[in-house]
Amino acid sequence: MKYILAISYVKRKDLLYKAVNSVKALWSHTMVIDNSDERDLRNDSYIQSKVKVYEPPVPLTVPQKFNYLQELAEAKGCDVYMHMHDDAEAPPGAAEAFLAEVEKLVSEKRRWGIAFTSYDILAAVNMEAIRKVGEWDNSFIQYSSDNDYYWRIHLAGYELIWTGIPVIHYGSSSTWSDPYRIALFQAILPIHLEYYTAKWGGYWYQEMNYEPFVPNTTGVTPAQPNYTGKK
């Protein structure tokens, strides 16, 4: 199975070090996207000695980051791309166990779209599904963009897989350690929710439309994907 693993970094190098060190078995396939404002990793020999570092021309929004990863994975002929939060840590053996689960999904030729651990703190996306679903919606900056894409994966008939493999999420990196990003989150979330509702006929996990911006007039509520975290 061909794959890449990407970790997008914004702040808190101490947490990034934890994330990178916890996936040592995957280092040869791992890259860190330096999405920090000050290009913190440009001279970071510690990270650069372990994994590849990509520095985009400008900091990327969440959809831009994932669209870049999709294009990169396609260019490399990958079956799967994985992504991990920069404020996460895989317990000993978790990265290897997750890789084995994803390899099994690929070998079984199961119709799956995304495999979760602790939600998408560490996740893998099937390139077959991506070719069907397409790019992430760049109308979002960050929040709601993941819900939008996962709903589209579900509507395309691809399964959302919960592996049950635990991954620690510290949750104190990109947004919550930065007053500016906290203020931005508070400002844009209502706008994103309004757009999301207009697009899908309901908030997250309450979607009603089978197609974007086309009201569902069938009287049948679309089946919801499994968001419970259970296998």
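These numbers were taken from a predicted model, which means no experiment stands behind them.

Trainee: Before we move on, could you go through the packing of aromatic side chains and cite the residues and values that matter?
Mentor: One pass over the full model with this rule turns up 15 aromatic pairs. Residues Phe 116 and Tyr 150 carry aromatic rings whose centres are separated by 5.5 Å and whose planes lie at 75° to one another, so their mutual orientation is edge-to-face. Here Tyr 150 lies in helix H6 (residues 145-155) and Phe 116 lies in strand S6 (residues 112-117), a separation of 34 residues in the sequence. Note on Phe 116: relative accessible area 0%, which makes it buried. The exposure class assigned to Tyr 150 is buried, which follows from its relative accessible area of 1%. Geometrically, the ring pair formed by Phe 116 and Trp 162 is tilted, given 4.7 Å between the ring centres and 40° between the ring planes.

Trainee: Report on the pairing of strand S1 (residues 3-9), specifying residues and quantitative values.
Mentor: Extensive coverage of S1 is indicated by the burial of seven of its seven residues. With burial as the criterion, each face of S1 is covered, one bearing Tyr 3, Leu 5, Ile 7 and Tyr 9 and the other bearing Ile 4, Ala 6 and Ser 8. The pairing of S1 with strand S4 (residues 80-85) spans six bridges and is parallel. Looking at S4, one finds that Ile 4 is bridged to Tyr 81. The pairing of S1 with strand S2 (residues 30-34) spans five bridges and is classified as parallel. Counted as the bridge partner of Ala 6 is Met 31 from S2. Regarding topology, helix H1 (residues 13-21) serves as the crossover connection from S1 to the parallel S2, and that connection is right-handed.

Trainee: Residues and numbers for the environment of Phe 66, please.
Mentor: Following the sequence through the fold, Phe 66 ends up in helix H3 (residues 62-75). Residues Phe 66 and Ala 6, 60 residues apart in the sequence, show an inter-C-alpha distance of 9.6 Å. Phe 66 has contacts with Tyr 81, His 83 and Trp 136, leaving out every residue within four places of it along the chain.

Trainee: Talk me through the pattern of salt bridges; I want residue IDs and the actual numbers.
Mentor: Between side chains of opposite charge, a pair can form as their charged atoms come close. Counted according to the given criterion, the structure contains nine salt bridges. Between Glu 55 and Arg 42 there is a salt bridge whose closest N-O contact spans 2.4 Å. Placement of the pair is Glu 55 in the loop between strand S3 (52-54) and H3 and Arg 42 in the loop between S2 and helix H2 (45-48), with a sequence separation of 13 residues. Take Glu 55: its relative accessible area is 31%, and that puts it in the partly exposed class. Judged by relative accessible area, which is 49%, Arg 42 ranks as partly exposed. The structure contains a network of salt bridges with shared partners spanning Asp 137, Asp 148, Arg 152 and Lys 199.

The rules behind each value
Residues numbered from 1 in each chain as written. Predicted model: local features only at pLDDT ≥ 70, side-chain atom pairs only at ≥ 80, totals over all residues. Heavy atoms only, no water. Phe/Tyr/Trp six-rings, centres within 6.5 Å; stacked < 30°, edge-to-face > 60°. Helix = DSSP H or I, 4+ residues; strand = E, 2+ residues; numbered from the N terminus. Buried < 20%, exposed > 50% of the residue type's maximum accessible area, 1.4 Å probe, protein only. Pairing = 2+ DSSP bridges. Right-handed = clockwise from strand over helix to strand, strands pointing away. Contact = heavy atoms within 4.5 Å. Salt bridge = Lys/Arg side-chain N within 4 Å of Asp/Glu carboxyl O.

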